[in-house]
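Listed below, chain by chain, are the residues.
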Amino acid sequence: MNAVLRPVSKARKRRDLAMRASLGLATALALVPLVLVLGYVAKRGLGAWSWHFFSTDPTGSFLGDPGGIKSAILGTILMVALATAISVPVGVGVALYLTEYGKNSWFAKAVRYFVDVMTGVPSIVFGLFVFIVLILSGGVGGYAGWKGSVALSLLMLPVVTRSAEVVLLLVPHTLRESALALGSPRWRMIAKVVLPTALPGLVTGSLLAVARAAGETAPLLFTAAIVNGTSLNLGQRMNSLPVQIFTDVGQAQDRLVARAWGAALTLVVLVLLLTLVARYMSRRSRLT
Amino acid sequence: MTVSLSTHAETPLEQKRRFEHGGTTMAAGHRVSLKNLSAWYEDQHAVKGVDLDFEPNKVTAIIGPSGCGKSTLLRCINRMHEEIPGTRVEGEVLLDDQALYSDAVDVTAVRRAIGMVFQKPNPFPTMSIFDNVAAGPRLSGTKGGDLRERVERSLRSAALWDEVKDRLNQPGIGLSGGQQQRLCIARAISVEPEVVLMDEPASALDPASTLRIEELVEELKTRYTIVIVTHNMQQAARASDTTAFMLDGELIEAGPTEKIFTKPDDERTERYVSGKFG
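Residues numbered from 1 in each chain as written. Chains lettered and ligands numbered in written order. Predicted model: local features only at pLDDT ≥ 70, side-chain atom pairs only at ≥ 80, totals over all residues. Heavy atoms only, no water.

Describing the overall build of chain A
Summing up its helical and strand segments, chain A has 11 helices and zero strands in all. From first element to last, N terminus to C terminus, chain A shows the α and β order α-α-α-α-α-α-α-α-α-α-α. For 288 residues, the compact-globule estimate of 2.2 N^0.38 gives 19 Å, and chain A exceeds it by more than 25% at 24 Å. Overall size of chain A, expressed as C-alpha extent along the three principal axes, is 85 × 65 × 30 Å. Here chain A, with 288 residues, has 40% of them falling under the buried criterion. Looking at chain A alone, contacts between residues at least 24 apart form 72% of all its contacts between residues at least 6 apart. With an accessible surface of roughly 15,400 Å², chain A has 71% of that area assigned to carbon and sulfur atoms. Taking the 27 positively charged and 10 negatively charged side chains of chain A as two groups, their mean positions are separated by 11 Å. (Helix = DSSP H or I, 4+ residues; strand = E, 2+ residues; numbered from the N terminus. Rg over C-alpha atoms; globule rule 2.2 N^0.38 Å. Buried < 20%, exposed > 50% of the residue type's maximum accessible area, 1.4 Å probe, protein only. Contact = heavy atoms within 4.5 Å. Areas by Shrake-Rupley, 256 points an atom, 1.4 Å probe, with all protein chains shown as cover. Lys, Arg positive; Asp, Glu negative; His and termini not counted. Charge placed at Lys NZ, Arg CZ, Asp CG, Glu CD.)

Quick word on the sheet that holds strand β6 (residues 114-117) of chain B
All names here are of chain B. Overall, mixed pairing links the six strands, which are arranged β6-β7-β8-β3-β9-β10 in an open sheet. The open sheet has two free edges, formed respectively by β6 and β10 (250-256), since each of these has just one partner strand. Neighbour to neighbour, the strand axes of the sheet diverge by 20° on average, direction disregarded. Where strand β7 (residues 195-199) meets strand β8 (residues 225-229), five bridges bridge the pair, whose relative direction is parallel. (Pairing = 2+ DSSP bridges. Axes fitted to C-alpha atoms, helices over the stretch in contact; angles between N-to-C directions.)

Description of the packing of aromatic side chains
In this structure the tally under the stated criterion is eight aromatic pairs over all chains. Ring centres 5.9 Å apart and planes at 70° place the aromatic pair Tyr97(A) and Phe107(A) in the edge-to-face group. Here the residue Tyr97(A) occupies a position in helix α3 (residues 70-102), and Phe107(A) occupies one in helix α4 (residues 106-119), the gap between them amounting to 10 residues. Judged by relative accessible area, which is 42%, Phe107(A) ranks as partly exposed. With a centroid separation of 5.7 Å and 70° between ring planes, the pair formed by Tyr113(A) and Phe114(A) is classed as edge-to-face. An identical accessibility class is assigned to Tyr113(A) and Phe114(A); each is exposed. Through a chain of ring-to-ring contacts, three or more aromatic side chains come together here, namely Trp49(A), Phe53(A) and Phe54(A). One cation-aromatic arrangement involves Arg187(B) over Phe124(B); the distance from NZ or CZ to the ring centre is 4.4 Å. (Phe/Tyr/Trp six-rings, centres within 6.5 Å; stacked < 30°, edge-to-face > 60°. Lys NZ or Arg CZ within 6 Å of the ring centre and 35° of its normal.)

Section: the nonpolar core
Leu34(B), Ile77(B), Ile114(B) and Phe124(B) are the most contacted members of the largest nonpolar core, which has 67 residues in total. A total of 10 residues in this core trace back to one element, the largest contributor, which is helix α8 (residues 186-214) of chain A. Not counting residues up to four positions away in its chain, the partners in contact with Leu34(B) are Val50(B), Asp51(B), Leu52(B), Asp53(B), Phe54(B), Leu73(B), Ile77(B), Glu92(B) and Val93(B). Core analysis: the second largest hydrophobic core is formed by 40 residues, Ile129(B), Val133(B), Leu175(B) and Leu220(B) among them. (Core = buried A, V, L, I, M, F, W, Y, C linked by side-chain atoms within 4.5 Å.)

Some points on empty space enclosed by the protein
Under the criterion given, the structure shown has three cavities of 30 Å³ or more. Of the volumes computed, that of the second largest cavity is approximately 50 Å³. Lining the second largest cavity, in full, are Ser178(A), Ala181(A), Leu182(A), Met116(B), Val117(B), Phe118(B), Asn122(B), Cys184(B), Arg187(B) and Ala188(B). Going through the elements one at a time, α7 (173-181) of chain A together with β6 and α7 (177-189) of chain B are the ones with two or more residues in the lining of the second largest cavity. Among the elements that line the lining of the second largest cavity, the one with the most residues is α7(B), at three residues. (1 Å grid on protein atoms, 1.4 Å probe; cavity = no way out; pocket = protein on both sides within 12 Å on 5 of 7 lines; lining within 4 Å. Points joined across faces, edges and corners; volume = space filled by probe spheres on them.)

Quick notes on α3(A)
Relative to the 48 Å expected for 33 residues at 1.5 Å per residue, α3(A) spans 45 Å between its end C-alpha atoms, a close match to the ideal helical length. Of the residues one or two after α3(A), Lys103(A) is the one with positive phi, at around 45°. (Expected span 1.5 Å × (residues − 1).)

Some details on the pattern of salt bridges
Here the idea is simple: oppositely charged side chains can pair when their charged atoms come close. All names here are of chain A. Taken as a whole and judged by the stated rule, the model has 25 salt bridges over all chains. The residue aspartate 116 makes a salt bridge to arginine 162 at a minimum N-O spacing of 2.8 Å. Taken together, the residues span a long stretch of sequence, with aspartate 116 in helix α4 and arginine 162 in helix α6 (residues 145-170) at a distance of 46 residues. Within this structure, Arg112, Asp116, Arg162 and Glu165 form a network of salt bridges that share partners. (Salt bridge = Lys/Arg side-chain N within 4 Å of Asp/Glu carboxyl O.)

Brief notes about the interface of chain B and chain A
Opposite the 28 residues of chain B that make contact, chain A presents 20 residues. The tally of links from chain B across to chain A stands at two salt bridges. Between Arg186(A) and Glu83(B) there is a salt bridge; the shortest N-O distance is 2.4 Å. Scanning the region where chain B abuts chain A turns up five residue pairs in polar contact (both at pLDDT 80 or more). At the level of secondary structure, the elements contributing two or more residues to the side of chain B that touches chain A comprise α3 (107-113), β6, α4 (129-140) and α7 of chain B. The leading source of residues in the side of chain B that touches chain A is α4(B), at five residues. (Polar contact = N/O pair within 3.5 Å; in protein donor to acceptor, adjacent residues only side chain to side chain.)

Remarks on a nonpolar patch on the surface
On the surface, a nonpolar cluster with roughly 620 Å² of combined accessible area is contributed by Ile124(A), Val125(A), Leu128(A), Phe129(A), Ile132(A), Val133(A) and Leu136(A). Position of Ile132(A) relative to the elements: it lies in helix α5 (residues 123-136). (Patch = residues over 30% accessible without salt bridge, like charges linked within 9 Å, V, L, I, M, F, W, Y side chains within 5 Å.)

Topic: the pairing of strand β9 (residues 242-247) of chain B
Residue and element names in this part refer to chain B. Extensive coverage of β9 is indicated by the burial of six of its six residues. Of the two faces of β9, the one carrying Thr242, Ala244 and Met246 and the one carrying Thr243, Phe245 and Leu247 are both buried. In this structure, strand β3 (residues 59-63) lies alongside β9, joined through four bridges in parallel fashion. Looking across to β9, one finds that isoleucine 63 is bridged to phenylalanine 245. Of the strand pairs in this sheet, β9 and β10 are connected by six bridges, and their pairing is antiparallel. Looking at β10, one finds that threonine 242 is bridged to proline 256. Between β9 and β10, which pair antiparallel one after the other, the connecting turn spans two residues, and aspartate 248 there sits at a positive phi close to 50°.

See the structure below:
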């Protein structure tokens, strides 16, 4: 027998097979709820979809036509857009500070630690925080769309910051060095070399934060509140998809529960689209 | 002609004069002198009290085994060493008679006057061939002169113009390794520096590209003071006028390249150039 290429024992082959089988089984198990959720949402939701469903506001009337979810879709888009406009510049700014200036200073380490802590804060805490600071305090009026945006942006900030920092760290150090060696001031090196190189990754990270925020109910419940009609004014109460689902599901009428399923499917499709765009952008990225 | 390292911007006239002078005629080169230069990474003493002059319009090669401090020495000349956290420099670097580490000197002015080419070709990945070269004046804030003309002249000087003139808008990273490195040389000289530092510029390239870079170095020395770090002794012998040998952070010996390679004064230099260690 050749001593160099010793044959694999039967027991070892069996163990290999058993381990592979259990890993496959675990994967299949994890897929079961995912497929069930998506399938059930699609089955129940598609039934509610119609042109009328997307083009009318909830009527709020107990009898007759319950209306659609137009105000919820527009409200979600508007509030998430404002939240993105707040959290992306700030989050990318923090990440730039961490990677280009703070690096391993004690302050940068502290910031990084608190950003991590913020990632784990339950979303309802942000909602409560904004409720107490911006609504109960009474200084700036009652429920309003922009307050919902503030709560969402607090939720998005750590996600944007963390993903942006990872992407910025992927920008090769040699590019920074060659820009500096040309006599570039640090700010111009960042603006003309670091940011453009990292751009696709920054967009991807931000879109994932947007997708996360679009599905949040808790930060909006006590900030943007609930309303039926379409409002394009962020200074007023504003409807949103998650909150619409939340209220509809609690109703005793089947028609309203059906609307909740339709709204849920709409939300899933919106988030899916965003994720697809994010994946497309990251594939175009030159950083690996 | 003296190099302006002060923080104030050049007047357009000054700039034009410098630009034309550097671009079209053989310039009187500039001398770089190291006076008792030491450099540290944290506690590690990487360069130990080096005194060395780099002569104008000459190619000086710095050779030595890995970790001998030759790259660190090079990075002290354009003050890139200080970009790494925890580093320290003592002693002086003079460009003609201006101390580069003086408080009155702006670090970006130092780097405009002393260009650098790195070991691995590193064009900016988001930029076209044209923009990679134009990045020199754009990033350093050098204004004046026609940008297009400046890019063309830099590419010609880097012996790359004929190969890329029809595809200036294509990405710089689409070029071959050797072309990318010449693109980086074009980028470095587009700022019109006085001195060009090269950190093992051909070590990532194939033999043919290496030869082209060496020919280029020979041409560039008519206009610039060139310092080239290399671990390739044949390259030092072929491409340089002066050679400095470093070991463990110390400068062992410097002199005319022929002398260093044939009858060096120090026994360690002799052993290194004859391939007995390193």
